[in-house]
Structure formats: C-alpha cells, structure tokens
Amino acid sequence: MLKALLKTMRPTQWPKNIFIAAALVFDQKMFIPSLLLKTIGGMILFCGVSSAVYIINDLADVEKDRQHPAKRLRPLASGQLDPRVALAAALVLALACIPTSFVLDRHFGIIVLAYFISLVLYSFWFKNIVILDVMTVAAGFVLRVAAGVVIVKAERFSPWMYLCMGFLALLISVGKRREELILLQENANEHRKTFDEYNLRLLEDMLGLVTTAAAVSWSFYTFSAPNLPANHSMMLTIPFVVYGLFRYLYLIHVKQEGGAPEELIFKDKPLLLDVILWGLVVVAVMYIR
C-alpha cells in the first residue's frame, strides 16, 4: 500500500521543482547559505503540495485512466491503492505543506496556495477546456519560478525568465498532448474531452510557436537582464538552448517519446549532457568574473 501511495505521489515529477531555484542562481545568491536552505525548503514543500495535486488528479480520473493503455497501470486505476487512503494522504500533504509554506515566507505561501487551487481546478474543470488545459499546466511552472523569486527576495530577476520558463512548459505540455493523441487515436476523446477539439495539425502548429518563443525569450534574456556581464557572455548559452529544443522535438517527432517529458532528460544522454553543459556555462558566466 505504501509503495502504491508513493508511486501515486509521482516522485519522478519532483525534479520539476528545480524551477524554484532559478531565482537563486540567476540573482547571484547561490552561495548564500540561508537563502540556499530556504530554497531547498521551498522545493520540498512544493514536492508535497504537487504530490497532493497528483493524487487528487488520479482520484478524479480513475475511471478514464482505466481505459488508457498506460495509465490503467497506475495504483488507483489498477486497484492497488484504496481511494480512501489516497484521499487521506492528499489531505494530510495539503494541510501540512500549505500552512508551513506561509511560515517559510508569507508571499511564498500565497503562491503555493494559488498553485494548489489552480491545479485542483485543472483536475476537475480546466483540463476539459481546450487550450486552457495546457496553459494551466504551464502556469504551474511559472508559479514555481515566482515562488523562488519571493523566497530569495530577488532584486535583478529579469521578466524574460518568466516568459522563457512559461514557453518551455507549454512546449512540454503540448508535446505530451500530441503523444497522447497519437497513442489513443480514435479513442482519445474517451480519455480526455479536449481531444474532441485538438487535432494533430493544431498541436504541431502550437509546438512550432512555443518552441520559437522559448528560444527568442531566452535570447532576449541573455543580453537584456540587468545583472549579466557587460560583454554579453551569457549569449554563449544560446546554442545549448537551441540544441536542447531541437533535441526535444526530435525525440517527440522521430522517437515518439513525448508521453513522459519529465523522464526524457534522464533517459536521453545527449539531452542530459546538453542541460549539464548549459548549467555549467550559466554558473561560469554568473559567478566567475
């Protein structure tokens, strides 16, 4: 039962909360111990709240998941986990993590509460509204970035970072929708109502738009953020971003692996190496003068 509950909490999704650390790194506060600890604490709290959301989402979709070729193996859909236990766990996580978030920082708590409410609304309503479904998921990533900003009291965090993170999240969300549409084919609308509205051409156009927007947003950040070196050396990261975006498109179009985007970065060695090199260049530019 505990193993099934842990699986429903989606620990494989927890790495998404690294977005909270964006402000810590890009506001040049990574080596301030107190802020580093607060950021780690914020990430842990977000893991708890997001796990509560995943449990609620699975409870809401249990019947539809049983019709899905992959999701039918989830603990709730397969009957491995008692729904009452899952609901109790979700309530405990939410009631423990949300108030603690306000203790860590009042503004951080407000963002965590906004995240929880918006994703619960997504589970029961927004996921059935075309376009708004992927935008709500992307908003969750932007809220993570904003949570990191208020934790470290960022003073020089460029708004371009919000746009870049938002478009990147949209890319992942739309890519996942595309993979599901291809996998489920004519039965897609039985699993998700919005598949009555989506088609492959629309999703392809959306992918092209958000990919371009993500690359442009990052490019603008590299030479317009207020705390970057005057020699524009952050522009050295642009090739890594473009390669990463192209590699992700290759994986979802050619390899048909867009269904679990949170796993791709660890499964695909070229993509993982690209992200590591990008991170090293970012740290070098921001902290080695």
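Before reading further, recall that the structure is shown in the block above.
Residues numbered from 1 in each chain as written. Predicted model: local features only at pLDDT ≥ 70, side-chain atom pairs only at ≥ 80, totals over all residues. Heavy atoms only, no water.

Draft legend 1. How the structure looks around the overall build of the chain. From N to C terminus, the chain includes 14 helices and zero strands. Of the regular secondary structure in the chain, the N- to C-terminal order runs α-α-α-α-α-α-α-α-α-α-α-α-α-α. Taking 289 residues into account, the globule formula puts the C-alpha radius of gyration at 19 Å, and the chain, at 19 Å, falls close to it. For the chain, the C-alpha atoms occupy an extent of roughly 55 × 45 × 30 Å along the three principal directions. Roughly 13,900 Å² of accessible area belongs to the chain as shown, and the carbon and sulfur atoms make up 70% of that amount. For the chain, the distance from the average site of its 28 positive side-chain charges to the average site of its 22 negative ones is 6 Å. (Helix = DSSP H or I, 4+ residues; strand = E, 2+ residues; numbered from the N terminus. Rg over C-alpha atoms; globule rule 2.2 N^0.38 Å. Areas by Shrake-Rupley, 256 points an atom, 1.4 Å probe, with all protein chains shown as cover. Lys, Arg positive; Asp, Glu negative; His and termini not counted. Charge placed at Lys NZ, Arg CZ, Asp CG, Glu CD.)

Draft legend 2. Quick peek at the side chain of asparagine 227. Assignment of secondary structure puts asparagine 227 in the loop between helix H11 (200-224) and helix H12 (238-253). For asparagine 227, a relative accessible area of 6% corresponds to the buried category. A distance of 2.6 Å separates a polar side-chain atom of asparagine 227 from the backbone oxygen of phenylalanine 26. (Buried < 20%, exposed > 50% of the residue type's maximum accessible area, 1.4 Å probe, protein only. Polar contact = N/O pair within 3.5 Å; in protein donor to acceptor, adjacent residues only side chain to side chain.)

Draft legend 3. A look at the nonpolar core. Membership of the largest hydrophobic core comes to 84 residues, with the highest contact counts inside it found for Phe26, Ile55, Phe116, Phe157, Trp218, Tyr221 and Met234. What phenylalanine 116 contacts, discounting residues up to four positions off in sequence, is Val49, Ala52, Val53, Ile56, Ala94 and Ile98. (Core = buried A, V, L, I, M, F, W, Y, C linked by side-chain atoms within 4.5 Å. Contact = heavy atoms within 4.5 Å.)

Draft legend 4. Highlighting the environment of valine 92. Mapped onto the fold, valine 92 is located in helix H6 (residues 83-104). Between the C-alpha atom of valine 92 and that of leucine 245, which follows or precedes it by 153 residues, the distance is 38 Å.

Draft legend 5. Just the packing of aromatic side chains, in detail. Counting across every chain of the model gives 14 aromatic pairs. Measuring from ring centre to ring centre gives 5.6 Å for phenylalanine 157 and tyrosine 162, while their planes differ by 80 degrees; the resulting arrangement is edge-to-face. The exposure class assigned to phenylalanine 157 is buried, which follows from its relative accessible area of 13%. An aromatic cluster is defined as three or more aromatic residues linked by ring pairs; in this entry it consists of Phe26, Trp218, Tyr221 and Trp278. (Phe/Tyr/Trp six-rings, centres within 6.5 Å; stacked < 30°, edge-to-face > 60°.)

Draft legend 6. Examining the side chain of aspartate 27 more closely. Inspection of the secondary structure puts aspartate 27 in the loop between helix H2 (22-26) and helix H3 (33-60). Look at aspartate 27 and you get buried, because its relative accessible area is 0%. A distance of 3.2 Å separates the side chain of aspartate 27 from the side chain of lysine 29, its partner in a polar contact. Here arginine 156 takes part through its backbone nitrogen, which lies 2.8 Å from a polar atom of the side chain of aspartate 27. Look past the residues within four positions of aspartate 27 in its chain and what remains in contact with it is Lys153, Ala154, Glu155, Arg156, Phe157 and Asn227.

Draft legend 7. Up close: H11. An ideal rise of 1.5 Å per residue puts 36 Å on 25 residues; H11 measures up with 36 Å between its terminal C-alpha atoms. Of the positions making up H11, those classed as buried are Leu203, Met206, Leu207, Val210, Thr211, Ala213, Ala214, Ser217, Trp218, Ser219, Tyr221 and Thr222. Residues of H11 that are buried in the fold lie against H2, helix H8 (132-152), helix H9 (159-184), H12 and helix H14 (269-287). Between the side-chain oxygen at the start of H11 and the backbone nitrogen of arginine 201 there is a gap of 3.2 Å, and the oxygen is on asparagine 199. (Expected span 1.5 Å × (residues − 1).)

Draft legend 8. View of unusual backbone geometry. With a phi close to 75 degrees, isoleucine 131 is a non-glycine residue in the positive phi region. Relative to the helices and strands, isoleucine 131 resides in the loop between helix H7 (106-124) and H8. Looking at isoleucine 131, the relative accessible area reads 40%, which means it is partly exposed. One non-glycine residue, histidine 232, lies in positive phi territory at about 60 degrees.

Draft legend 9. Just the packing of H3 against H7, in detail. Two numbers describe how H3 lies on H7: the axes approach to 9 Å, and their chain directions differ by 15 degrees. With respect to H7, the axis of H3 lies roughly parallel. For the pair H3 and H7, the sense of crossing is right-handed. Residues Gly42, Leu45, Phe46, Val49, Ser50, Ala52, Val53, Ile56, Asn57 and Ala60 of H3 form the contact with H7, whose own contacting residues are Phe108, Val112, Tyr115, Phe116, Leu119, Val120, Tyr122, Ser123 and Phe124. For the contact of H3 with H7, the class distribution of residues is 15 nonpolar, four polar and no charged. (Axes fitted to C-alpha atoms, helices over the stretch in contact; angles between N-to-C directions. Parallel < 35°, antiparallel > 145°, perpendicular 65-115°, else oblique. Left-handed = near helix turned anticlockwise from the far one by under 90°. Nonpolar A, V, L, I, M, F, W, Y, C, P; charged D, E, K, R; others polar.)

Draft legend 10. Spotlight on the environment of proline 229. Locating proline 229 in the fold gives a position in the loop between H11 and H12. The exposure class of proline 229 is buried, given its relative accessible area of 12%. Considered as a pair, proline 229 and tyrosine 54 are 175 residues apart in the sequence and their alpha carbons are 41 Å apart.

Draft legend 11. A look at the pattern of salt bridges. If you walk through the whole model with that rule in mind, you get eleven salt bridges. Notably, a salt bridge pairs arginine 177 with aspartate 133, separated by 3.1 Å at the nearest N-O pair. On the criterion of sequence distance, the pair formed by arginine 177 in helix H9 and aspartate 133 in helix H8 is long-range, its members being 44 residues apart. Overall, the relative accessible area of 0% leaves aspartate 133 in the buried class. Beyond isolated ion pairs, a larger network of salt bridges with shared partners links Arg10, Asp58 and Arg74. (Salt bridge = Lys/Arg side-chain N within 4 Å of Asp/Glu carboxyl O.)

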